[in-house]
Amino acid sequence: MTAWMIAAMVVAGFAAGLIGYITGLASLVSYPALLAMGLSPVAANVTNTVAMVAVGGGSIASSASELVKNKPQMRLLAVLAVAGGVVGSALLMLAPGSTFEAVVPALIAVAAVAILLQPRLRERPEVARLARYYPVGVFLVSVYGGYFGAGAGVMILALTLVATSEPLWRAAMLKAYVLGLANLVAAIGFAVFGPVHWPAAIAMAIGGFLGGWCGPPVVARIDAGRLRVVVAICGLGLAAWLARGWF
């Protein structure tokens, strides 16, 4: 890699980290950047997963004092995220990357709409019953995050906002925590068995850590209603981009 390519990866990592924390769409920046560098889709996917671990590390370090206020919740989410990451990374190494292509755009679109309509959805009694299935949802999204990951942040954010009483700023923290752990587990497997492009991964991770660190204070200052609209629009845009293969 040339010096300018390394610099470009650092900048892309920072943008992915900040955007990823705010909207849950880090891969909207990082994955295309890796493809533009010439990596194959599989190499870009595993390199992206390894690099994005730093985003979770940065955001968790920045918001650690808030996260430890509910230690039982953190322990449960950690177990679910790690277990999901193990299953997801194993699936990626064993199954073709096209497995989720047909359903991922629809899942992301549904999650984006759920975020947009979250205040109204919480008022519906049938939706309130989803709280009991929240751990199952966290595990399944962690599996997806370890397997493919694009839009996983939107999914976990929507799940947390609809199925729990957490405010948006804390839901963003929990999203970063869960996906950070799921990505860490998947990254360990990819580091041993996957085609990781290490110079790109390290450069992007440096920027990603800084972006993740800046995420919590930025979200704390953004109006929750406007942020929901931004996340929903970006999520629908990602769903449309991923669905281009349908036509």
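None of these values were measured; they are calculated from a predicted model.

A few words now on the overall build of the chain. A tally of helices and strands in the chain yields 13 helices and zero strands. Helices and strands appear in the chain in the N-to-C order α-α-α-α-α-α-α-α-α-α-α-α-α. Against the globule reference of 18 Å for 247 residues, the chain gives a C-alpha radius of gyration of 17 Å, in line with a compact fold. Taken along the three principal axes of its C-alpha coordinates, the chain extends 55 × 40 × 30 Å.

Following the criterion strictly, the structure yields zero aromatic pairs and no others. The ring of Tyr21 has Lys175 sitting right over it, with the charged end atom 5.0 Å from the ring centre.

The next subject is the environment of Ile206. Tracing the sequence through the fold places Ile206 in helix α12 (residues 198–220). With 197 residues separating them in the primary sequence, Ile206 and Met9 have C-alpha atoms 8.9 Å apart.

The end-to-end C-alpha separation of helix α1 (residues 3–23) is 30 Å, in line with the 30 Å expected for 21 residues at 1.5 Å each. Among the residues making up α1, those that are buried are Met9, Ala12, Gly13, Ala16, Gly17, Gly20, Tyr21, Ile22 and Thr23. Summarising the contacts, the buried residues of α1 are in contact with α2 (27–36), α3 (41–62), α10 (152–163), α11 (168–193), α12 and α13 (224–242). Within two residues after α1, Gly24 carries a phi angle of roughly 80°, on the positive side.

Before going further, it helps to examine α3. Count 3.6 residues to each turn of an α-helix, and residues three or four apart come out pointing the same way. Taking 1.5 Å per residue as the helical rise, α3 with its 22 residues ought to reach 32 Å, and the 31 Å between its terminal C-alpha atoms agrees with that figure. Burial runs high along α3: 16 of the 22 residues are buried.

With that settled, the discussion passes to the nonpolar core. Core analysis: the biggest nonpolar cluster contains 43 residues, and Leu77, Ile108, Ile115, Val138, Leu157, Tyr177 and Val178 have the highest contact counts within it. Counting only elements with at least two residues in this core, the list comes to α1, α5 (71–94), α6 (104–116), α9 (134–147), α10, α11 and α13. A per-element tally of this core places α11 first, with 10 residues. Ignoring any residue separated from it by four or fewer positions in sequence, one finds Leu157 in contact with Thr23, Ile115, Leu168, Ala171, Ala172, Lys175 and Val231.

When pLDDT is averaged along the chain, the result is 82, and 91% of the positions lie at 70 or above. Confidence scores differ between elements of the chain, with helix α8 (residues 125–128) showing the lowest mean pLDDT of 66 and α12 the highest of 90.

Here the focus is the packing of α9 against α11. The geometry of α9 relative to α11 is characterised by a closest axis approach of 9 Å and an angle of 40° between their N-to-C directions. By the angle between their directions, the pair α9 and α11 is classed as oblique. Regarding α9 and α11, the two cross each other, and that crossing is right-handed. Together, Val138, Ser142, Gly145 and Gly146 of α9 and Val178, Ala182, Asn183, Ala186 and Phe190 of α11 make up the contact between the two elements.

All told, the structure shown has zero disulfides when counted by the stated rule. The closest cysteine sulfur to the non-disulfide-bonded Cys214 is located on Cys234, 19 Å from its own sulfur.

With that out of the way, let us pick up the environment of Leu116. Looking at where Leu116 falls in the secondary structure, it is placed in helix α6. Given the relative accessible area of 40%, Leu116 is considered partly exposed. A C-alpha to C-alpha distance of 29 Å links Leu116 and Lys71, two positions 45 residues apart in sequence. In contact with Leu116, not counting residues within four places along its chain, are Arg228, Val229 and Ala232.

Cut-offs applied
- Residues numbered from 1 in each chain as written.
- Predicted model: local features only at pLDDT ≥ 70, side-chain atom pairs only at ≥ 80, totals over all residues.
- Heavy atoms only, no water.
- Helix = DSSP H or I, 4+ residues; strand = E, 2+ residues; numbered from the N terminus.
- Rg over C-alpha atoms; globule rule 2.2 N^0.38 Å.
- Phe/Tyr/Trp six-rings, centres within 6.5 Å; stacked < 30°, edge-to-face > 60°.
- Lys NZ or Arg CZ within 6 Å of the ring centre and 35° of its normal.
- Expected span 1.5 Å × (residues − 1).
- Buried < 20%, exposed > 50% of the residue type's maximum accessible area, 1.4 Å probe, protein only.
- Contact = heavy atoms within 4.5 Å.
- Core = buried A, V, L, I, M, F, W, Y, C linked by side-chain atoms within 4.5 Å.
- pLDDT = per-residue confidence, 0-100.
- Axes fitted to C-alpha atoms, helices over the stretch in contact; angles between N-to-C directions.
- Parallel < 35°, antiparallel > 145°, perpendicular 65-115°, else oblique.
- Left-handed = near helix turned anticlockwise from the far one by under 90°.
- Disulfide = S-S within 2.5 Å.

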